[in-house]
Amino acid sequence: MIDFALPPRPLRIATAQAQAVSGEVDVNVQAVARIVSAAGDGGARVVVFPEKFLSGYEPELIRADPERCAVRPDDPRLAPIADACRASGVTAVVGAAVQDGADLYVSALVIDGTGIRGRYDKQTLFKSEQAVYRPGSAGATLEVDGWRLGLGVCYDSGFPEHARAAALDGCHAYLVGALFSEGNGYHESRIWFPARAFDNTVYAVLANHIGETGGWRTCGSSAVWGPDGRIVAEAGFAAEEIVFADLLPESLRAARESEPMLRDLRDLRDTGSAPRSLLRAFAPHDSLGGPSPS
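Just so you know, these numbers come straight off a predicted model, no measurement behind them.

What follows covers the sheet that holds strand 2 (residues 46–48). Sheet architecture is open: six strands sit in the order 5-4-3-2-1-14, paired in mixed fashion. Each of the sheet's edge strands pairs with one partner strand only, and the pair in question is strand 5 (115–121) and strand 14 (241–247). On average, each strand axis in the sheet is tilted by 35 degrees relative to the strand beside it, whichever way the strands run. Of the strand pairs in this sheet, strand 1 (residues 11–17) and strand 2 are connected by three bridges, and their pairing is parallel. Across the sheet, the residue bridging to T15 is V48, located in strand 2.

Laid out in structure tokens, this is it:
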């Protein structure tokens, strides 16, 4: 049975955008620690960072020098982030390239005052990433103050099934660190995220890069969408910024009463996995003595 229980109280979340310094993990760790502290000052319990923020997007740089540009599961360079989380009471979801044994992953690290609590590895790799990274094998849900938060990374959010899996795990929000570029990337983000929110009656949270990274000109515009698909809060296009939003149980309740897709999916059946029949339209030549379809 799917449990769609609502969280007991509001949750303040922050989504952060900043300029990553290419290949400089130590420098980017300090930026994350600084932003975590600022998020805590603003009352946030969770802050989300862009995809591979700890190195910049930089797949070729990471492949050429993973010891410097990727982080390890027990990497001591991440200690300043844990220190900032401990001092502020914030849990950080930090984008990183992770070297685990001989393999590289595009990951979202969950870091709190005790260190790395776990990670989500991107399941849906973009075509240009497939020669460098291994795909993740499982989804991940983060629990904070009674809120269930599904984790995703960039291209994951383009696939409705990914956010739906989080919703079916009882998630109340879908958190994604990403790289969306100017032009079509911005357009994609403004289609995908409200759709993921509305289809699943969850909050959707995007943290995007600013400036250039990995050869891409990014578009910022980190944002939070409500469970009705409407924008709640949004950053600008190019400046470092932290956007705060209060996630509200009553907004989830109202959306799920108005748009009961999850309830009906549970109570009826998943039509996406049901058998399908093939219906053939009448072809004009059939009346002229041609063969009839069997």
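Still more ground to cover, so stick around.
What follows deals with helix 7 (residues 249–258). All of the buried residues along helix 7 are P249, L252, A255 and R256. Down the axis of helix 7, the smallest arc covering the buried residues is 130 degrees, so these residues share one side. Exposed residues on helix 7 whose side chains face more than 90 degrees from its buried face are E257 and S258. As for helix 7, its buried residues are in contact with strand 7 (147–153), helix 6 (184–200), strand 9 (203–208), strand 14 and helix 8 (261–267).

Let us look at the layout of surface pockets. Reported here for the largest pocket is a volume of approximately 260 Å³. What lines the largest pocket is a set of 17 residues, among which F126, C154, L179, E188 and W216 lie closest to the centre. Ranked by residue count, the leading element in the lining of the largest pocket is helix 6, at four residues. Within the lining of the largest pocket, the residues separate by chemical class into eight nonpolar, four polar and five charged. Size it by volume and the second largest pocket reaches roughly 220 Å³. Along its surface, the second largest pocket is lined by 15 residues, and T91, V110, D112, R117 and L142 are the ones closest to its centre. Within the residue set of the lining of the second largest pocket, elements represented by two or more residues are strand 4 (103–112), strand 5 and strand 6 (141–144). At three residues, the largest contribution of residues to the lining of the second largest pocket is made by strand 5. Each residue belonging to the lining of the second largest pocket can be placed in one class, and the counts come to six nonpolar, five polar and four charged.

The packing of two helices is summarised by the inter-axis angle and the distance between the axes. With their axes 8 Å apart at the nearest point, helix 1 (residues 25–41) and helix 4 (residues 79–88) run at an angle of 5 degrees to one another. The orientation of helix 1 relative to helix 4 falls into the category roughly parallel. Contacts between helix 1 and helix 4 involve V29, Q30, V32, A33, V36, S37 and G40 from the former and P80, I81, A84, C85 and S88 from the latter. When the residues that make up the contact of helix 1 with helix 4 are grouped by side-chain class, the tally is eight nonpolar, four polar and no charged.

Here the focus is the pattern of salt bridges. Summed over the entire model, instances satisfying the criterion amount to 23 salt bridges. Residues R45 and D145 are paired through a salt bridge, measuring 2.8 Å at the closest nitrogen-oxygen approach. Here the residue R45 occupies a position in the loop between helix 1 and strand 2, and D145 occupies one in the loop between strand 6 and strand 7, the gap between them amounting to 100 residues. With a relative accessible area of 30%, R45 lands in the partly exposed category. Residue D145 is classed as partly exposed on the basis of its relative accessible area, which comes to 30%. Residue D75 is joined to R72 by a salt bridge in which the shortest nitrogen-to-oxygen separation is 4.0 Å.

Take the nonpolar core next. In summary, soluble globular proteins display a tendency toward joint burial of nonpolar side chains. Within the largest apolar cluster, 50 residues are counted, with the highest numbers of intra-cluster contacts made by V46, L149 and L175. In this structure V46 touches L11, R12, I13, A14, V90, T91, V93, V144, L149 and L175, once residues within four positions along its chain are discounted. Formed by 30 residues, the second largest nonpolar core is a distinct cluster that contains A18, A20, V25 and I81.

The subject of this paragraph is empty space enclosed by the protein. As enumerated under the stated definition, the model contains one cavity of 30 Å³ or more in all. The space that makes up the largest cavity amounts to roughly 50 Å³. In terms of lining residues, the largest cavity is bounded by 14 residues, among which F49, A108, G152, V153 and G177 are the most central. Mapped onto the lining of the largest cavity, the elements with two or more residues apiece are strand 3 (91–100), strand 4, strand 7 and strand 8 (173–178). Split into classes, the residues belonging to the lining of the largest cavity amount to nine nonpolar, four polar and one charged.

Attention now goes to the pairing of strand 9. In terms of burial, strand 9 is a largely internal element, six of the six residues being buried. The two faces of strand 9 match: Y203, V205 and A207 on one face and A204, L206 and N208 on the other face are all buried. For strand 8 and strand 9, the ladder comprises six bridges, and the chain directions are parallel. Each residue of the ladder has a partner; that of A178, found in strand 9, is N208. At this point the chain moves from strand 8, through helix 6, to the parallel strand 9, and the crossover so formed is right-handed. Sheet topology note: the strand 9/strand 12 (residues 223–225) ladder contains three bridges and is antiparallel. Paired with L206 across the bridge in strand 12 is A223.

About the cut-offs
- Residues numbered from 1 in each chain as written.
- Predicted model: local features only at pLDDT ≥ 70, side-chain atom pairs only at ≥ 80, totals over all residues.
- Heavy atoms only, no water.
- Pairing = 2+ DSSP bridges.
- Helix = DSSP H or I, 4+ residues; strand = E, 2+ residues; numbered from the N terminus.
- Axes fitted to C-alpha atoms, helices over the stretch in contact; angles between N-to-C directions.
- Buried < 20%, exposed > 50% of the residue type's maximum accessible area, 1.4 Å probe, protein only.
- Arc of directions from axis to C-beta.
- Contact = heavy atoms within 4.5 Å.
- 1 Å grid on protein atoms, 1.4 Å probe; cavity = no way out; pocket = protein on both sides within 12 Å on 5 of 7 lines; lining within 4 Å.
- Points joined across faces, edges and corners; volume = space filled by probe spheres on them.
- Nonpolar A, V, L, I, M, F, W, Y, C, P; charged D, E, K, R; others polar.
- Parallel < 35°, antiparallel > 145°, perpendicular 65-115°, else oblique.
- Salt bridge = Lys/Arg side-chain N within 4 Å of Asp/Glu carboxyl O.
- Core = buried A, V, L, I, M, F, W, Y, C linked by side-chain atoms within 4.5 Å.
- Right-handed = clockwise from strand over helix to strand, strands pointing away.

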